[in-house]
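Each chain is listed here by its residues.
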Amino acid sequence: ETGVTQTPRHLVMGMTNKKSLKCEQHLGHNAMYWYKQSAKKPLELMFVYNFKEQTENNSVPSRFSPECPNSSHLFLHLHTLQPEDSALYLCASSQDTGGVGNTIYFGEGSWLTVV
Amino acid sequence: AQSVTQLGSHVSVSEGALVLLRCNYSSSVPPYLFWYVQYPNQGLQLLLKYTSAATLVKGINGFEAEFKKSETSFHLTKPSAHMSDAAEYFCAVRLSGSRLTFGEGTQLTVNP
């Protein structure tokens with residue numbers, strides 16, 4: 001059983017829809033991350049939050065809007081997406097962002113298909 | 001800058017054979033290195049990590065990796081492959097802060 005839970009596991013949305021991905025971690029961590037995994041591409045870091053504060057935005061288009069209300073929860077709000085945004089979105093957490101050797105734990109991902 | 005190169009996007013072995021998945025890194029400072037495994041339709045699971053202690057690191061499921069600074073390598077090995085090892089394997093490097101940079105992954109197929 002994973003300590004990082006993502007919902008929904010699968011999402012199909014139209015380009016004009018607004019939807020959200022949810023992530024919850026049960027590990028007592030203070031850092032949370034969103035990664036994007038597309039076919040034939042390395043995992044791409046999207047956003048980083050440390051103690052609820054966004055510390056990194058890896059030039060992600062504004063149609064992706066993260067929200068971190070507390071250290072245990074992370075959302076990714078989606079609106080007016082493009083078909084090329086279809087991918088597996090992975091949430092992850094770690095103790096914090098300061099320890100370089102800290103392990104990053106991943107959820108099982110949310111498969112997003114934009115039609 | 002840091003980067004990771006995984007040699008071979010697909011590796012195929014017979015059950016019981018040696019598994020060798022290659023990873024080379026480029027870094028101007030000592031890196032922290034990780035191997036993750038991703039089974040079909042699942043997220044990434046940590047196999048092992050190198051954090052500048054012992055150069056030979058043992059992980060879960062019988063995997064191990066050796067950090068070789070002279071070769072800038074961190075190859076993953078397992079003496080005897082099992083059917084359940086079929087998955088995608090990712091090498092990753094981390095120098096500081098939050099950025100974990102992944103390789104492109106190697107898909108391991110285990111043939112009966």
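Residues numbered from 1 in each chain as written. Chains lettered and ligands numbered in written order. Predicted model: local features only at pLDDT ≥ 70, side-chain atom pairs only at ≥ 80, totals over all residues. Heavy atoms only, no water.

(A) Representation of the overall build of chain A within the structure. The number of helices and strands found in chain A is 0 helices and 11 strands. A globule of 115 residues ought to have a C-alpha radius of gyration of about 13 Å, and chain A, at 13 Å, matches this closely. Projecting the C-alpha coordinates of chain A onto the three principal axes gives extents of approximately 40 × 30 × 30 Å. Counted over contacts in chain A with a minimum sequence separation of 6, partners at least 24 positions apart contribute 54%. In chain A, which carries 9 positive and 10 negative side-chain charges, the distance between the mean positions of the two groups comes to 9 Å. (Helix = DSSP H or I, 4+ residues; strand = E, 2+ residues; numbered from the N terminus. Rg over C-alpha atoms; globule rule 2.2 N^0.38 Å. Contact = heavy atoms within 4.5 Å. Lys, Arg positive; Asp, Glu negative; His and termini not counted. Charge placed at Lys NZ, Arg CZ, Asp CG, Glu CD.)

(B) Representation of the interface of chain B and chain A. If you look at the interface, chain B gives 22 residues, while chain A gives 24 residues. Both faces considered, chain B and chain A share a buried interface measuring about 1,800 Å² in area, 52% of it formed by carbon and sulfur atoms. Seen at the junction of chain B and chain A, the total is 0 salt bridges. Inspection of the chain B/chain A interface yields 5 residue pairs in polar contact (both at pLDDT 80 or more). Taken together, the elements giving at least two residues each to the side of chain B that touches chain A come down to strand E4 (32–38), strand E5 (44–50), strand E9 (87–94) and strand E10 (100–102) of chain B. Tallying contributions element by element places E4 of chain B first for the side of chain B that touches chain A, with 4 residues. In terms of residue class, the side of chain B that touches chain A is made up of 9 nonpolar, 9 polar and 4 charged. (Buried area = accessible area lost by both parts, 1.4 Å probe. Salt bridge = Lys/Arg side-chain N within 4 Å of Asp/Glu carboxyl O. Polar contact = N/O pair within 3.5 Å; in protein donor to acceptor, adjacent residues only side chain to side chain. Nonpolar A, V, L, I, M, F, W, Y, C, P; charged D, E, K, R; others polar.)

(C) Representation of the layout of surface pockets within the structure. Volume-wise, the largest pocket comes out at about 540 Å³. What lines the largest pocket is a set of 23 residues, and nearest its centre among them are Gln 37, Ser 38, Ala 39 and Lys 40 of chain A together with Glu 88 of chain B. Elements with a minimum of two residues in the lining of the largest pocket: strand E9 (87–94) of chain A together with E9 of chain B. Considering each element in turn, the lining of the largest pocket owes the most residues, 3 residues, to E9 of chain B. When the residues that make up the lining of the largest pocket are grouped by side-chain class, the tally is 9 nonpolar, 10 polar and 4 charged. (1 Å grid on protein atoms, 1.4 Å probe; cavity = no way out; pocket = protein on both sides within 12 Å on 5 of 7 lines; lining within 4 Å. Points joined across faces, edges and corners; volume = space filled by probe spheres on them.)

(D) Quick look at the pattern of salt bridges. Under the defined criterion, the tally for this structure stands at 4 salt bridges over all chains. Linking Asp 85 of chain A and Arg 63 of chain A is a salt bridge whose minimum nitrogen-to-oxygen distance equals 2.7 Å. Here the residue Asp 85 of chain A occupies a position in the loop between strand E8 (73–79) and E9, and Arg 63 of chain A occupies one in the loop between strand E6 (53–57) and strand E7 (64–70), the gap between them amounting to 22 residues. We classify Asp 85 of chain A as buried; its relative accessible area is 2%. Asp 85 of chain B is the salt-bridge partner of Lys 78 of chain B, the closest N and O atoms lying 2.8 Å from each other. Given a relative accessible area of 11%, Lys 78 of chain B falls into the buried group. (Buried < 20%, exposed > 50% of the residue type's maximum accessible area, 1.4 Å probe, protein only.)

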